[in-house]
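Letter by letter, the chains look like this.
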Amino acid sequence: AGKKGVLRFATTCAQSFTWLPDVWRSFADRYPEIEVSLAHAEPQRVVPGLLQGGLDLALVVGHIGAQRGLEVRPLLQDELMVVVATDHAWAGKRTLDVRALDGAHLVIDEAALERDAPLGGALAAAGVRPRVSHVPTNGTAVLERVRAGVGVGVLPRWLARGTEGVHLLRLGRSG
């Protein structure tokens, strides 16, 4: 009846852990007998997990096409921004062509480079191959490495906005 049990939930976006606790609190207040089991999932495992019954709900980044047995609803939309240290050569710019990332030292979560992820798709379409430093799936770790001048990052605007010591650039004229 949806009043008692376990909700098996996965997210492909570790950055969502910063705003999900408020959602969980509200859910727990409304449904105190339902335990939420949460896991970070690799994007390629989410759809099979849902279709095979291992997951009840998933929060994914990017587009999931219509598939029998799945209900897909957009939750939010944000823009990926290039994040550089304030003393970086690009810090005076407002926008950056995706081709400028070719050969750039990119500090990023490996999953963001998959062809089905928004950034990975844009890089592949432009034939861009950055030098990559993989970091934990944690936006704070990316921001700290960028702020230290180790490389440039690409993060959602909501996560990077207002961070001291970094400058945000739109990726392309229209984002």
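Right, let's walk through the structure included here. None of these values were measured; they are calculated from a predicted model. (Residues numbered from 1 in each chain as written. Predicted model: local features only at pLDDT ≥ 70, side-chain atom pairs only at ≥ 80, totals over all residues. Heavy atoms only, no water.)

### Looking at the environment of alanine 126
And then number 1: Its location among the elements puts alanine 126 in helix 3 (residues 118-126).
And then number 2: With a relative accessible area of 32%, alanine 126 lands in the partly exposed category.
And then number 3: A C-alpha to C-alpha distance of 9.9 Å links alanine 126 and aspartate 97, two positions 29 residues apart in sequence.
And then number 4: Discounting chain neighbours no more than four positions away, the residues touching alanine 126 are Val98 and Arg99. (Helix = DSSP H or I, 4+ residues; strand = E, 2+ residues; numbered from the N terminus. Buried < 20%, exposed > 50% of the residue type's maximum accessible area, 1.4 Å probe, protein only. Contact = heavy atoms within 4.5 Å.)

### Quick notes on the environment of lysine 93
And then number 1: Topologically, lysine 93 is positioned in the loop between strand 4 (80-85) and strand 5 (95-96).
And then number 2: Lysine 93 sits in the partly exposed class, given a relative accessible area of 39%.
And then number 3: Expressed as a C-alpha distance, the spacing of lysine 93 and glutamate 144, which sit 51 residues apart in the sequence, is 21 Å.
And then number 4: Each residue touching lysine 93, except ones within four places of it in the same chain, is listed here: His167 and Leu169.

### Some details on the pairing of strand 8 (residues 152-156)
And then number 1: Here strand 8 lies mainly inside the structure; 5 of its 5 residues are buried.
And then number 2: Note that strand 4 and strand 8 share 4 bridges and pair antiparallel. Across the sheet, residue valine 83 finds its bridge partner in strand 8, namely glycine 153.
And then number 3: Bridging between strand 6 (residues 105-108) and strand 8 involves 2 bridges; their strand directions are parallel. Bridged to valine 107 within strand 8 is glycine 153. (Pairing = 2+ DSSP bridges.)

### Let's talk about the sheet that holds strand 1 (residues 5-11)
And then number 1: If you trace the 3 strands from one edge of the open sheet to the other, you get 2-1-3, paired in parallel fashion. Both outer strands of the open sheet, strand 2 (34-40) and strand 3 (57-59), are each paired with one neighbouring strand and no more. Between one strand axis and the next, the sheet turns by 25° as a mean value, whatever way the strands run.
And then number 2: In the sheet, strand 1 pairs with strand 3 via 3 bridges, with the strands oriented parallel. In the sheet register, threonine 11 faces strand 3, and the bridge partner there is leucine 59. (Axes fitted to C-alpha atoms, helices over the stretch in contact; angles between N-to-C directions.)

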